[in-house]
Amino acid sequence: MSNKGFIFDLDGVIVDTAKYHFLAWKKLANQLGFEFTKEENELFKGVSRKRCLEILLDIGKIEASQEQFDIWMVEKNVDYLHYIENMDESEILPDVPKVLQFLKDNNIPIALGSASKNARPILEKVKLLHYFDAIVDGNNVTKAKPDPEVFLLAAKQLGVDAKDCVVFEDAVAGIEAANAANMISIGIGERNILNEADYIFSDFTEMENDFIQELLNR
Ligand code: B16
Ligand code: MG
């Protein structure tokens, strides 16, 4: 068994669910009488549902009681669940299964480290759940990214030292969390946004198995 561990973020790394989060937040914003743009949605990546609603209400300059806040949280999630209801393997981002399979073939433990409370059902829908030796998501953590808690817990569950873990992330907050955990951070997305990552790829099609092998040999 290797002493290395690999941790994957979900939204934006394994599947593109950001578009569904966007539609659900936009619907709520419109219902409350203001617009919500794709650019503003960037701020929501890797951020917990509660924090997203706080930011949304700031954008709309809306104040809410705790009770109303909780109702909107539920409403947004019900909408989101509706959008992801029919997700299937076709929504897996390019070459993700290739990387997961390469790690499995090399007996490398794999974890999920996501802010989402819907992570497990999504992995089931896209039929990737069986690749994961540990799942740490929004249901297990108390501190959101950029706090390293989610990745440290994932390393612990894999039984691997933090310094021997590699994290794939699409959000700035996630790269910060991986760096704070003293892990190797790999940004998946735009170079100018993820410039704090140790390595950056626009997607997994750019990542050769040789690169992963080099990480394993470190
Ligand atoms: P939920 P990740 C994050 O997932 C999303 O990027 C973020 O936009 C979302 O608000 C958060 O999950 C919570 O998701 O409402 O499903 O609990 O990128 O950390 O996998
Ligand atoms: Mg993400």
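Structural notes, computed from the coordinates. This one's a predicted model, so the numbers in the text were calculated from it and none came from an experiment.

**Regarding the overall build of the protein**
Logical step 1: Each helix and strand in the protein was counted, giving nine helices and six strands.
Logical step 2: The C-alpha radius of gyration computed for the protein amounts to 17 Å, which stays within 12% of the reference 17 Å derived for 218 residues, consistent with globular compactness.
Logical step 3: Projected onto the principal axes, the alpha-carbon positions of the protein cover approximately 55 × 35 × 30 Å.
Logical step 4: For the protein, the proportion of its 218 residues judged to be buried stands at 50%.
Logical step 5: Here the analysis covers contacts within the protein between residues at least 6 apart in sequence; of these, 61% occur between residues at least 24 apart.
Logical step 6: Total accessible area on the protein is roughly 10500 Å²; 48% of this is exposed by carbon and sulfur atoms.

**Quick notes on the pairing of strand β5 (residues 184-188)**
Logical step 1: Burial within β5 is extensive, with five of its five residues counted as buried.
Logical step 2: Burial along β5 is two-sided: the residues Ile-184, Ile-186 and Ile-188 and Ser-185 and Gly-187 are all buried.
Logical step 3: Two elements, strand β4 (residues 165-169) and β5, share four bridges in a ladder whose sense is parallel. Bridge assignment links Val-166 to a residue of β5, and that residue is Ile-184.
Logical step 4: Viewed along the sheet, the connection from β4 through helix α8 (residues 172-180) into β5 turns out right-handed.

**Here we look at the sheet that holds strand β2 (residues 110-113)**
Logical step 1: Spatially, the six strands line up as an open sheet ordered β3-β2-β1-β4-β5-β6, and their pairing is parallel. Lying at the two open borders of the sheet, with one neighbouring strand each, are β3 (134-136) and β6 (199-201). The sheet shows a mean angle of 20° between the axes of neighbouring strands, taken without regard to direction.
Logical step 2: Note that strand β1 (residues 5-8) and β4 share four bridges and pair parallel. Within β4, the residue paired with Ile-7 across the bridge is Val-167.

**Brief notes about the coordination of the magnesium ion (ligand 2)**
Logical step 1: Taken together, the protein donors to the magnesium ion (ligand 2) comprise Asp-9 (OD), Asp-11 (O) and Asp-170 (OD), at separations of 2.0 to 2.2 Å.
Logical step 2: Each donor residue of the magnesium ion (ligand 2) belongs to the same chain, and together they define the spacing D-x1-D-x158-D. Taken together, the positions of Asp-9 in the loop between β1 and α1 (18-31) and Asp-170 in the loop between β4 and α8 put the pair 161 residues apart, joining distant regions of the chain. The residues Asp-9 and Asp-170 share a single accessibility class, namely buried.

**As for unusual backbone geometry**
Logical step 1: Omega for the bond connecting Lys-145 with Pro-146 falls within 30 degrees of zero, at 15°, which places this linkage in the cis form.
Logical step 2: At Asn-107, a residue that is not glycine, the phi angle is positive and equals roughly 60°.
Logical step 3: Positioned with a positive phi, Lys-127 is a non-glycine residue whose angle comes to about 60°.
Logical step 4: As for its placement among the helices and strands, Lys-127 is situated in the loop between α6 (119-125) and β3.

**Some remarks on the site of ligand 1**
Logical step 1: Taken together, the neighbourhood of ligand 1 is formed by 18 residues, with Val-47, Ser-114, Ser-116, Lys-117 and Asn-118 sitting nearest.
Logical step 2: Here Leu-10 contributes a backbone N or O atom positioned 3.2 Å from an oxygen atom of ligand 1.
Logical step 3: Taking Ala-115, its main chain carries an N or O atom lying 2.7 Å from an oxygen atom of ligand 1.
Logical step 4: Against a free-state accessible area of 460 Å², the protein chains account for coverage of 97% of ligand 1.
Logical step 5: Breaking the shell around ligand 1 down by element, the ones donating at least two residues are α3 (49-59) and α4 (66-84).
Logical step 6: Looking at the shell around ligand 1 residue by residue, the classes come out as six nonpolar, five polar and seven charged.
Logical step 7: There are two domains that each give the shell around ligand 1 at least three residues, and those are domain 1 (5-16 + 89-217) and domain 2 (18-84).

**Description of the nonpolar core**
Logical step 1: In terms of nonpolar packing, the biggest core is built from 40 residues, with Phe-6, Phe-8, Ile-14, Leu-128, Phe-132, Phe-168 and Ile-186 touching the most fellow members.
Logical step 2: Of the residues forming this core, the biggest block, five residues, is contributed by helix α5 (residues 96-105).
Logical step 3: When residues of this core are assigned to domains, at least three map to each of domain 1 (5-16 + 89-217) and domain 2 (18-84).

Quick notes on the rules
- Residues numbered from 1 in each chain as written.
- Chains lettered and ligands numbered in written order.
- Predicted model: local features only at pLDDT ≥ 70, side-chain atom pairs only at ≥ 80, totals over all residues.
- Heavy atoms only, no water.
- Helix = DSSP H or I, 4+ residues; strand = E, 2+ residues; numbered from the N terminus.
- Rg over C-alpha atoms; globule rule 2.2 N^0.38 Å.
- Buried < 20%, exposed > 50% of the residue type's maximum accessible area, 1.4 Å probe, protein only.
- Contact = heavy atoms within 4.5 Å.
- Areas by Shrake-Rupley, 256 points an atom, 1.4 Å probe, with all protein chains shown as cover.
- Pairing = 2+ DSSP bridges.
- Right-handed = clockwise from strand over helix to strand, strands pointing away.
- Axes fitted to C-alpha atoms, helices over the stretch in contact; angles between N-to-C directions.
- Donors = N, O, S within 2.8 Å, 3.2 Å for Na, K, Ca; no water.
- Near = heavy atom within 4 Å.
- Polar contact = N/O pair within 3.5 Å; in protein donor to acceptor, adjacent residues only side chain to side chain.
- Nonpolar A, V, L, I, M, F, W, Y, C, P; charged D, E, K, R; others polar.
- Domains from an automatic or database assignment.
- Core = buried A, V, L, I, M, F, W, Y, C linked by side-chain atoms within 4.5 Å.

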